[in-house]
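Structural overview for review
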Amino acid sequence: MNRLLTAAESVMAMDPDKIFTKVTETVVGQDARVGEVVDFLFAATARVAALAGGASASEVPANNVLLIMGPTGSGKTLTVRTACEAMGLGYREIDGAQLTGAGWHGADLDAELKPVAQDLKGDPRPYVVFIDEADKLSRGDKGKEEGFDPSPVLLRLLEATGEHPVASSDSKASFTLDADALVFVMAGAFTGIDRQVRARLRGGAGAACGFAADADAQGAAVLPEDEARALAGPADLEAWGMPRELVGRVSTVVSLRPLGESAFREILDGGPHSVRA
């Protein structure tokens, strides 16, 4: 019996509307974005089911990489983790800011995935690898120290299928990982990408001419940060500093808005999961 296929089909049989309702009981102020995340997870689970059922990677969409942007405190981690819990998906959180290569000071990405490999052997199911502070992997983050660039290691994992061998400096620690079960979520604030979007809107290729161009430029100049971030596309991510190879593997981009006063009031006083409940 193919346990991974059975688990994926069980998730796909769930009602997305019920999952959405369950997640929004916990995640406040991001209803539209929650819907986008839930839709992504169902689509990625369908890919896992197809691969587990014998389809080749070339026959199924490469829709298993989500990029979720938003300011600190907007609910990036909570949204994904709560959705995974509601859907019964595996979940592993990794701090992208600490990722280095084996032998470097910091966290080795391969070693961080060993618990995932062990979990999948005992309980095969679609598994979300959540990389927080993923913007720290990119050249656009000026605060990143010089040293090992973990993005090529991550890219190999994003492109892997089947039983993926994971090498280690210690041969006894090497292991294999069922890459077909993996769904990746990269999250971060991507500070400054709104400026890149405004610059593109003010004078990018294909801009309007004459008075229309002036109006577009003026509108772009005053575009709020969250609205500009929500318009970020692959070209903006690359211009900001995200490696082109990683940009090319991203299948879905979701942008969370900063929480307003009413949302914070609900977090404090509203619903069964509020701080004062």
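Report on the accompanying structure. Computed from a predicted structure; not experimentally measured.

The subject of this paragraph is the overall build of the chain. Along the backbone of the chain there are 13 helices and 9 strands. Residues classed as buried in the chain amount to 46% of the 277 residues present. A separation of at least 24 residues holds for 73% of the contacts in the chain among residues at least 6 apart in sequence.

Of the positions making up helix H1 (residues 3-12), those classed as buried are Leu4, Ala7, Ala8 and Val11. Viewed along the axis of H1, the buried residues span an arc of 95°, placing them on a single side of the element. The elements touched by buried residues of H1 are helix H3 (31-52), helix H4 (76-87) and strand S7 (175-178). Sitting at the amino-terminal end of H1 is Asn2, which places a side-chain oxygen 3.2 Å from the backbone nitrogen of Leu4.

Moving on, we get to the environment of Phe175. Relative to the assigned elements, Phe175 resides in strand S7. For the pair Phe175 and Glu163, spaced 12 residues apart in sequence, the C-alpha to C-alpha distance is 9.7 Å. Not counting residues up to four positions away in its chain, the partners in contact with Phe175 are Asp110, Leu113, Lys114, Ala117, His164, Pro165 and Val166.

With that settled, the discussion passes to the nonpolar core. Counting residues in each nonpolar core, the largest one holds 70 residues, and the members touching the most others are Leu41, Leu177 and Met242. With 10 residues, the single largest contributor to this core is H3.

Our next topic: the pairing of strand S5 (residues 127-132). Here S5 lies mainly inside the structure; 6 of its 6 residues are buried. Taking every second residue as pointing to the same face, both faces of S5 are buried, with Tyr127, Val129 and Ile131 on one and Val128, Phe130 and Asp132 on the other. Inspection of the sheet shows strand S2 (residues 90-95) paired to S5 by 6 bridges, in the parallel sense. Bridged to Glu93 within S5 is Phe130.

Cut-offs applied
- Residues numbered from 1 in each chain as written.
- Predicted model: local features only at pLDDT ≥ 70, side-chain atom pairs only at ≥ 80, totals over all residues.
- Heavy atoms only, no water.
- Helix = DSSP H or I, 4+ residues; strand = E, 2+ residues; numbered from the N terminus.
- Buried < 20%, exposed > 50% of the residue type's maximum accessible area, 1.4 Å probe, protein only.
- Contact = heavy atoms within 4.5 Å.
- Arc of directions from axis to C-beta.
- Polar contact = N/O pair within 3.5 Å; in protein donor to acceptor, adjacent residues only side chain to side chain.
- Core = buried A, V, L, I, M, F, W, Y, C linked by side-chain atoms within 4.5 Å.
- Pairing = 2+ DSSP bridges.

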